[in-house]
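The primary structure of each chain is shown beneath.
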Amino acid sequence: MRKTLQYSLVASLVLGLQASPPEAWAADDAQFIPMATYRVGAYASSGIPWWAGEIDYFRYINEVEGGVNGVKLVWQECETEWNVDRIVECYERLKTGQDGAPTAFFFTHSTPGSYALMEKGAADRIPLIDGGGGRTESTDGSVFPYAFPILMNYYSQASVGINYIAGREGGLDKLKGKKIVTVYHDSAYGRETQAPMKLLAEKYGFENIQIPVADPGNEQSAQWRQVRQIKPDWVFLRTWGVSTPVAIKTAARFGISVERIVGDVWAGSEADVIPAGSAAKGYQALAPFPGGTAFEIHQRLKQYIIDQGKSDLKDTRYFGEVYYNIGLINAAIAVEALRTGQKKFGNRPLNGEEGRWAFEHLDIDAARLKAIGFEGLLAPLKLSCSDHEGGGAARVQQWDGQQWVLVTDWIRADHQLLRPLIEAKSAAYAKEKGITPRNCAAER
Amino acid sequence: MTFFLETLIGGLLAGTLYSLVAIGFVLIYKASGVFNFAQGAMLLFAALTFVSLQEQGVPFVLALLLTSVVMAIGALIIERAVLRPLVNRSQITLFMATLGLSFIIEGLAQGLMGAQVRALDLGIDDVPLFFGEIMVSQFDLVAAATAALLVIVLALLFNHTRIGVSLRAVADDTRAALSIGINLNRIWQIVWAVAGVVGLVAGLLWGARQGVQFSLSLVVLKALPVLIIGGFTSIGGAIVGGLIVGAAENLAEAYIGPLIGGGITPWFAYFLALIFLYIRPAGLFGERTIERV
């Protein structure tokens, strides 16, 4: 009996391995994309729609457009559970590509992961891409040639948050004397906006109060009692995971109007508001990755992927959720970077160095956004040697109790104000590591 | 003074939610000497089952009953597949088994019922109530009342039923209990089933507060300092420990936090537990054991 069981187990494993190959076997004429995913564990509720969005878009490119200029995309997932050690292991395993298909970039999908891989990426010449996250000073590509906190770094998130609040108050000059409390996740991610908030407070004359919430943040009475005592004009909520719905509910309990709370990029998904129930109605959040399906790309995906039963989503109710759209946007940025690189290097798979060139010359303007179906879903993006962020804009969306509703157009960060802060930090890093910055002007 | 009182009362009430989680640990530890690392996973499984049933249109009370039945069946399976084969093994072996069990239950819960975050509405408004100038959460008051009710039910179960007497006999002296014919396997099944139902109650209250999601299994981290302070073998200790932890961490966050940068609640509870370990290693109400070495 026991032997039969053992044989059955071995047979099942063998059959299982044969029955579940990667999306497609890599070949040397394909472009390989490593994927550090988290479909199980504490962050699975974010990860599952995220990678469904990415994979659906890659499938659309392969099956409808025939690949990127004929180059098929192949990918391999590594389950990381959002653990840094596993992200690093995934990077090490897949950085050279697979079966002859090269790796042109590595999406870390994790700010701690970006920090951990910073030096490895530079040494291996593999661009590390982290949309809406990453190490802020790596915006300065002259010091960080292989790190890309693309789309919107943390300083820009703070600046856009303040610009939105100023808009609601009637102008930046109206911020003087206002009290703005930042309730933040007590981690590198949460603390990242302290420096720009200090700078913005000095410039605009508002009172900047920072209140940390330790991970995981499932009990926040003490923090919100402090907030109530302060009587803030606005609260900027920079939490993550379970700490966001708990914050929204606790704020309501302490009588703080949800309409005076602005969440940042990572506190603005369905998973953040649904558990908070009616307390979240009216909550606003920055949205460089807006939710919804009212965009051209969703119509195309619905026709060719969702309705054909080819989606990676097990439950298509989640089509168009914020995290699904984050996946879509990341995938579109990757594809557009490959197209950019192919213009210089030819229609073939790119390696890491070529991938870096591609990202540094990525220019997705309004016309291109319209052509690829991302108008309104993604802000125009233009990177360079010295600017690895390339965007720095977000819309604001508001939860109406059922869905996110976009309430603004794109709001841009104050790059002129933030840039010296970024350059000072990158210069300090260069000094510490003995890096001679590239001459970006000469590389133009 | 109002701020101090409000923080203190809020902390005490929040502490009852920690106690609810700790009680599940105490039950199993009393009966089998096992520190059940899977209690958090059981809590997650119970809450996910309840929410999944409700999503299928099952009424509240029926969902509650069905989830209790599921947890009881789970207890039978755990006893038969995990505990019985390991009987007479060391405590660390059993602890490691529950560690593995927690991963299996978490995986099973997400595999069967999905990983999406779900809202849980118990019909208790989380609104402020004012007593003079002091604000108290209505939800916390209900949670505290639930904890009190649960303790009364468990006290009745342990003190006034045949099963309860058997449970206490096993807890006092397992060999003596066996020698008079008490069925240890049956006792374990009952205790794990009761711990599952306690997990359900805790899971519902925590789930209503933060949503039903994977991180529910992490609330056990709040129970550990409660157990160290209150003692691993006393339900009353779990209640008192929870109150102490809740009040202390809230007061510390309000008064010490601003001086050292804030965000101190998670480690302050463990700091407090460490002090208790120095002064009273068995906890306030734990049984002191004397062993020949």
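Residues numbered from 1 in each chain as written. Chains lettered and ligands numbered in written order. Predicted model: local features only at pLDDT ≥ 70, side-chain atom pairs only at ≥ 80, totals over all residues. Heavy atoms only, no water.

Chemist: Please clarify how the packing of aromatic side chains should be interpreted in this entry.
Modeler: What characterises a pair of aromatic rings is the spacing of the ring centres plus the angle enclosed by the ring planes. Here the structure, examined in full by the defined rule, presents 36 aromatic pairs over all chains. Here B:Phe35 and B:Phe232 contribute two aromatic rings whose centre-to-centre distance is 5.8 Å and whose plane-to-plane angle is 65 degrees, an arrangement assigned as edge-to-face. Of this pair, B:Phe35 sits in the loop between helix H1 (2–32) and helix H2 (39–55) while B:Phe232 sits in the loop between helix H9 (220–230) and helix H10 (235–255), and the two are 197 residues apart along the sequence. Judged by relative accessible area, which is 24%, B:Phe232 ranks as partly exposed. Residues B:Phe50 and B:Phe60 carry aromatic rings whose centres are separated by 5.3 Å and whose planes lie at 80 degrees to one another, so their mutual orientation is edge-to-face. With a gap of ten residues between them, B:Phe50 in helix H2 and B:Phe60 in helix H3 (residues 60–83) connect regions that are remote in the sequence. Overall, B:Phe50 belongs to the buried group, its relative accessible area being 0%. Here a set of aromatic residues connected by ring pairs shows up, and it is made of A:Tyr38, A:Tyr43, A:Trp50, A:Trp51, A:Trp82, A:Trp240, A:Trp266, A:Phe289 and A:Tyr323. (Phe/Tyr/Trp six-rings, centres within 6.5 Å; stacked < 30°, edge-to-face > 60°. Helix = DSSP H or I, 4+ residues; strand = E, 2+ residues; numbered from the N terminus. Buried < 20%, exposed > 50% of the residue type's maximum accessible area, 1.4 Å probe, protein only.)

Chemist: I'm lost on the packing of H2(B) against helix H4 (residues 91–113) of chain B in this one. Help?
Modeler: The axes of two packed helices give the description: the angle between them and the distance between them. Residue and element names in this part refer to chain B. At a closest axis distance of 9 Å, the pairing of H2 and H4 adopts a crossing angle of 15 degrees. When the axis of H2 is compared with that of H4, the two are roughly parallel. Considering how the two elements wind past one another, H2 and H4 form a crossing that is left-handed. Contact residues: H2 offers Ala41, Met42, Leu44, Phe45, Leu48, Thr49 and Ser52, while H4 offers Ser102, Ile105, Glu106, Leu108, Ala109 and Met113. (Axes fitted to C-alpha atoms, helices over the stretch in contact; angles between N-to-C directions. Parallel < 35°, antiparallel > 145°, perpendicular 65-115°, else oblique. Left-handed = near helix turned anticlockwise from the far one by under 90°. Contact = heavy atoms within 4.5 Å.)

Chemist: It is not clear to me how the pairing of strand E2 (residues 73–79) of chain A should be interpreted in this structure. Could you clarify?
Modeler: The two faces of the sheet receive side chains in turn, since in a regular strand these alternate between them. All names here are of chain A. The element E2 is largely enclosed, with a buried count of five among its seven residues. In the sheet, strand E1 (residues 31–37) pairs with E2 via seven bridges, with the strands oriented parallel. Bridging across to E2, Ile33 finds its partner in Trp75. For the handedness criterion, the β-α-β arrangement of E1, helix H2 (residues 44–64) and E2 is classed as right-handed. (Pairing = 2+ DSSP bridges. Right-handed = clockwise from strand over helix to strand, strands pointing away.)

Chemist: Even after reading the chapter, I still don't get the UniProt feature "transmembrane region" (unreviewed entry) in chain B, so can you show me in this structure?
Modeler: Residue and element names in this part refer to chain B. UniProt annotation of "transmembrane region" (unreviewed entry) refers to residues 7–28, 34–53, 60–78, 90–109, 139–158, 187–207, 219–248 and 254–279 when read in the numbering used here. Taken end to end, residues 60–78 has its terminal C-alpha atoms 27 Å apart, with 100% of it in helix and 0% in strand. Between the C-alpha atoms that bound residues 139–158 the distance is 28 Å, and the span itself is 100% helix and 0% strand. (UniProt positions renumbered as here; feature names shortened; annotations may be inferred.)

Chemist: Would you explain the environment of A:Asp99 in this entry?
Modeler: Residues and elements named next belong to chain A. Relative to the helices and strands, Asp99 resides in the loop between helix H3 (84–94) and strand E3 (106–107). The exposure class assigned to Asp99 is exposed, which follows from its relative accessible area of 51%. Asp99 sits 341 residues away from Cys440 along the chain, and the two C-alpha atoms are 35 Å apart.

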